[in-house]
Protein chains: 2
Amino acid sequence: MTTVTVIGGGNVALHLCKALFKSPDIVLQQIYSRNKLTSHFDEIEVDKINNLELIKDSDVYIISVSDDAVIEVAKSLPLKDKLVVHTTGSVTMDDLPPANRKGVFYPLQTFSKSKAVNFKDIPICLEAEFQNDYNILESIATSISNQVYKIDSSQRRSLHLSAVFVNNFVNHLFYVGEQLGKDKNISFSILKPLIEETVDKIKHINTFDSQTGPAKRNDIGTINSHLNQLENYPNFQNIYQILTKSIRETYE
Amino acid sequence: MTTVTVIGGGNVALHLCKALFKSPDIVLQQIYSRNKLTSHFDEIEVDKINNLELIKDSDVYIISVSDDAVIEVAKSLPLKDKLVVHTTGSVTMDDLPPANRKGVFYPLQTFSKSKAVNFKDIPICLEAEFQNDYNILESIATSISNQVYKIDSSQRRSLHLSAVFVNNFVNHLFYVGEQLGKDKNISFSILKPLIEETVDKIKHINTFDSQTGPAKRNDIGTINSHLNQLENYPNFQNIYQILTKSIRETYE
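Under an unreviewed UniProt entry, the name given to chain A is DUF2520 domain-containing protein, and the source organism is Neptunitalea lumnitzerae.

Structural data, given as structure tokens:
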């Protein structure tokens, strides 16, 4: 049995702790959080501490805090020669302090407190300084997910950037579609089947071939009419122009 | 029984003809196409013509050709006082020629020849000059879809624009994510669970509340690091900047 301590109390920590707590191959020993944990953690019946002096011995310590706090938290741990990993896309492994053995345990997913996720389908990207440590991380990852990948820091930085495009930016485009509809009393639900098909398509066709629309066809009449419709939304108009340009040049 | 003639041979015409042909409440009388129909139409066993002189009497004529050809095709029809509608998001009903009764039958979905769609889940947006004609269009629409909406030309123009954002532009962001990964030998499949969750989230949470990421947090360090990573991709860098600006100003 591998013993794990999670450090952090945010959304990633919450869903990771739930998955680890349920796994028969893992002992989730403690959850450390500086601030009081939310009631979402109540169902995870393990030792919860907010004083680092109470931290127990574990095989692995997983730091799951916001990107800019990872290093500071890692430095604050009263540990030596332990395996200490973080769950962050944007922090390289080498940035962790040298007191402990370094690694990364990065679940590539977007988490909300109020929405359950199935960890089995979440890709977990692993990295470690030493092969033995990698094996430990792999055993933990495979006990909670069916998709485990060896990903180095440079690849992870790239994945994190891609995730901003396919998640953060895509969500904002959904927001734009919803806002434009509100002006005309159109329910956003009319657009949802189209959104679902947009995603379903890329399971069957690659993203290059699945592109359609006025930008790809270089249909100047429709493009100009759309830009006119957006004249009261300067940011949305800019988005339209830049994305149209990028699509046009992709198919030139 | 309502008799329908479809005019056109593209993707929308194909899937619409398949749905109409299957419907027990509709008689799909003829398919007219100037060019020879592809073999995808073979399974639709109806009269296929490429000479307008052979066109028979029908209750409704549905023009399903590219946006910029709709008016020209409508003008070429040897019909008088018939119900003639088009399937296009960007052409207003009033632009149709006055020889016939006008209407619109707009299925809001993206269609590919090679990918089957379930028409039952596709929103169909209807408009007609006269209430009787609207009722005819509604009976056809409800015989093939569970989602039928009364949408005027101004609303349809807005929906068409929203569709560009949530489909065309979203697909291009998926393409960006795939391209960035290729540089680092990362399979696009690692990103697919994140993409599915991005869409699944907006079923439960509105698009404003489901936004996450460095732009919303105004995390300048991560944003600048991402912009540096994109220095060899000027278009992608522009997309990143414009979308980040729009997200930041949405949450100011």
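Residue and element names in this part refer to chain B. Taken together, eight strands build an open sheet; the order of strands is β3-β2-β1-β4-β5-β6-β7-β8 and the sheet is mixed. On the outer flanks of this sheet lie β3 (47–49) and β8 (148–150), each paired with one strand and no other. Taking each pair of neighbouring strands and ignoring which way they run, the sheet shows an average axis angle of 25 degrees. Pairing of strand β1 (residues 2–7) with strand β4 (residues 60–63) involves four bridges; the strand directions are parallel. Residue Val 6 lies in a different strand from β4, and its bridge partner there is Ile 62. Where helix α1 (residues 11–22) meets the sheet, it contacts β1, β2 (26–32), β4 and β6 (101–107), and its direction lies at approximately 150 degrees from that of β2. The strands that helix α3 (residues 131–144) touches are β1, β2, β4, β5 (83–86), β6, β7 (124–128) and β8; relative to β7, the one it contacts most, it runs at about 165 degrees.

Looking now at the pairing of strand β6 (residues 101–107) of chain A. Residue and element names in this part refer to chain A. Within β6, six of the seven residues are buried, which leaves the element mostly enclosed by the surrounding structure. Of the strand pairs in this sheet, strand β5 (residues 83–86) and β6 are connected by four bridges, and their pairing is parallel. When the sheet's bridge partners are listed, Val 85 is paired in β6 with Gly 103.

Moving on: the packing of helix α4 (residues 153–183) of chain A against helix α5 (residues 192–204) of chain B. In the contact formed by α4 of chain A and α5 of chain B, the axes pass within 9 Å of each other and the chain directions differ by 20 degrees. Taken together, the axes of α4 of chain A and α5 of chain B are roughly parallel relative to one another. With respect to the hand of their crossing, α4 of chain A and α5 of chain B are arranged in right-handed fashion. Residue-level inspection shows Ala 163, Val 166, Asn 167, Val 170, Asn 171 and Phe 174 of chain A of α4 of chain A in contact with α5 of chain B, the latter providing Leu 194, Ile 195, Thr 198, Val 199 and Ile 202 of chain B. In terms of residue class, the contact of α4 of chain A with α5 of chain B is built from eight nonpolar, three polar and no charged.

The nonpolar side chains of a soluble globular protein tend to be buried, and buried together. Ranked by internal contacts, the top residues of the largest apolar core, which has 75 residues, are Phe 165 of chain A together with Phe 165 of chain B. If near-sequence neighbours (up to four positions away) are discounted, Phe 165 of chain A is found in contact with Val 170 of chain A together with Leu 173, Val 176, Leu 180, Leu 230, Phe 236, Ile 239 and Tyr 240 of chain B.

Residues and elements named next belong to chain B. Counted under the stated rule, the structure contains zero disulfides over all chains. Cys 125 provides the cysteine sulfur closest to Cys 17, a residue in no disulfide bond, and the two sulfurs are 19 Å apart. By relative accessible area, Cys 17 is classed as buried at 0%.

Attention now moves to the packing of aromatic side chains. How two aromatic rings sit relative to each other is given by the distance of their centres and the angle of their planes. Tallying each qualifying case throughout the model produces 14 aromatic pairs over all chains. When the ring of Tyr 233 of chain B is compared with that of Phe 236 of chain B, the centres are 5.1 Å apart and the planes differ by 10 degrees; the resulting orientation is stacked. Accessibility assignment for this pair places Tyr 233 of chain B and Phe 236 of chain B in one class, buried. Cluster of aromatic residues (ring-pair linked, three or more members): Phe 165 and Phe 169 of chain A together with Tyr 240 of chain B. Above the face of the Tyr 134 of chain B ring, Lys 150 of chain B is positioned so that its terminal group lies 4.8 Å from the ring centre.

By definition, the strands of a sheet pair up through backbone hydrogen bonds, in either a parallel or an antiparallel sense. Residue and element names in this part refer to chain A. As summarised here, the arrangement of the eight strands in space is β3-β2-β1-β4-β5-β6-β7-β8, forming an open sheet in which the pairing is mixed. The open sheet has two free edges, formed respectively by β3 (47–49) and β8 (148–150), since each of these has just one partner strand. Strand after strand, the sheet turns through a mean of 25 degrees between neighbouring axes, direction not considered. As paired elements, β6 and strand β7 (residues 124–128) share five bridges and run antiparallel to each other. What sits directly across from Gly 103, in β7, is Ala 128. Packing against the sheet, helix α1 (residues 11–22) makes contact with β1 (2–7), β2 (26–32), β4 (60–63) and β6, and its axis sits at approximately 150 degrees to β2.

Opposite the 89 residues of chain A that make contact, chain B presents 89 residues. Where chain A abuts chain B, roughly 8500 Å² becomes buried across the two surfaces, and 65% of that area is made up of carbon and sulfur atoms. Scanning the region where chain A abuts chain B turns up six salt bridges. Between Lys 115 of chain B and Asp 200 of chain A there is a salt bridge; the shortest N-O distance is 3.1 Å. Taken together, the connections running from chain A to chain B amount to 44 residue pairs in polar contact (both at pLDDT 80 or more). Broken down by element, the residue count for the side of chain A that touches chain B peaks at 26 residues, all from α4 of chain A. A breakdown of the residues in the side of chain A that touches chain B according to their chemical character gives 39 nonpolar, 35 polar and 15 charged.

This brings us to the relation of the copies chain A and chain B. Mapping chain A onto chain B calls for a screw motion: a turn of 180 degrees about the axis and a shift of 0.0 Å along it, with 0.0 Å RMSD after fitting. The operation mapping one copy onto its partner corresponds to a two-fold rotation axis. Rotation axis and chain A: the residue whose C-alpha lies nearest the axis is Val 170 of chain A, separated from it by 2.8 Å. Of all interface residues in chain A, 100% are interface residues in chain B too; the two copies therefore contact each other through one and the same surface.

It is worth spelling out the pattern of salt bridges at this point. Should the charged atoms of two oppositely charged side chains come close, the side chains can pair. Counting across every chain of the model gives 24 salt bridges over all chains. Notably, a salt bridge pairs Arg 156 of chain A with Glu 127 of chain A, separated by 2.8 Å at the nearest N-O pair. With Arg 156 of chain A in helix α4 and Glu 127 of chain A in strand β7, the pair connects residues that are 29 residues apart, well separated along the chain. Just as Arg 156 of chain A is buried, Glu 127 of chain A falls in that class too. A salt bridge links Glu 196 of chain A to Lys 203 of chain B; its shortest N-O distance comes to 4.0 Å. With one member in each of two chains, Glu 196 of chain A in helix α5 (residues 192–204) and Lys 203 of chain B in helix α5 form a pair that bridges those chains. Judged by its relative accessible area of 38%, Glu 196 of chain A is partly exposed. Among the ionic contacts, a cluster of salt bridges with common partners joins Lys 115 and Glu 196 of chain A together with Glu 197, Asp 200 and Lys 203 of chain B.

What counts as what
Along every chain, residues carry numbers that run from 1 in the direction the sequence is written. Whichever chain is written first becomes A and whichever ligand is written first becomes 1, with later ones labelled in order. Totals for whole chains, interfaces and linings use all residues, but because this is a predicted model, local features are given only for residues with pLDDT of at least 70 and pairs of side-chain atoms are given and counted only at 80 or more. Here the side-chain values reflect all heavy atoms present in the structure, with hydrogen atoms and water set aside. Note on pairing: DSSP must find at least two bridges between two strands before they are called paired. Per the convention used, a helix needs a DSSP run of H or I reaching at least four residues, while a strand needs a run of E reaching at least two, with both numbered from the N terminus. Where helices are involved, their axes are fitted lines through C-alpha atoms of the stretch in contact, as for all axes, and angles between N-to-C directions lie from 0 to 180°. Any two residues whose heavy atoms approach within 4.5 Å are treated as being in contact. With a 1.4 Å probe rolled over the protein chains alone, any residue whose accessible area is under 20% of its type maximum counts as buried; one over 50% counts as exposed, and the rest are partly exposed. Geometric relationships in this document are graded by angle, where less than 35 degrees denotes roughly parallel, more than 145 denotes roughly antiparallel, 65 to 115 denotes roughly perpendicular, and other angles denote oblique. A crossing counts as left-handed when the near helix is turned anticlockwise from the far one by less than a right angle, and as right-handed when that turn is clockwise. Polar here means any residue other than Ala, Val, Leu, Ile, Met, Phe, Trp, Tyr, Cys and Pro, which are nonpolar, and Asp, Glu, Lys and Arg, which are charged; Gly is therefore polar. Working definition of a nonpolar core: buried Ala, Val, Leu, Ile, Met, Phe, Trp, Tyr and Cys residues. They are joined through side-chain atoms within 4.5 Å. Cysteine sulfur atoms that come within 2.5 Å of each other are treated as a disulfide pair. Stacked, edge-to-face and tilted are the three classes for Phe, Tyr and Trp ring pairs, Trp counted by its six-membered ring, which pair at centre distances within 6.5 Å; planes under 30 degrees apart are stacked, over 60 edge-to-face, the rest tilted. By the criterion adopted, a ring carries a charge over it if an Arg CZ or a Lys NZ lies within 6 Å of its centre and within 35 degrees of its normal. What counts as buried area is the accessible surface, traced by a 1.4 Å probe, that two parts surrender upon association, with contributions from both included. We define a salt bridge as a side-chain nitrogen of Lys or Arg found within 4 Å of a carboxyl oxygen belonging to Asp or Glu. Pairs of N or O atoms within 3.5 Å make up the polar contacts considered here, provided that, within protein, one atom can donate a hydrogen while the other can accept it, and that residues adjacent in sequence are counted only when both atoms are side-chain atoms. The copies were overlaid with a least-squares fit restricted to C-alpha atoms from residues scoring a pLDDT of at least 70 in each copy.

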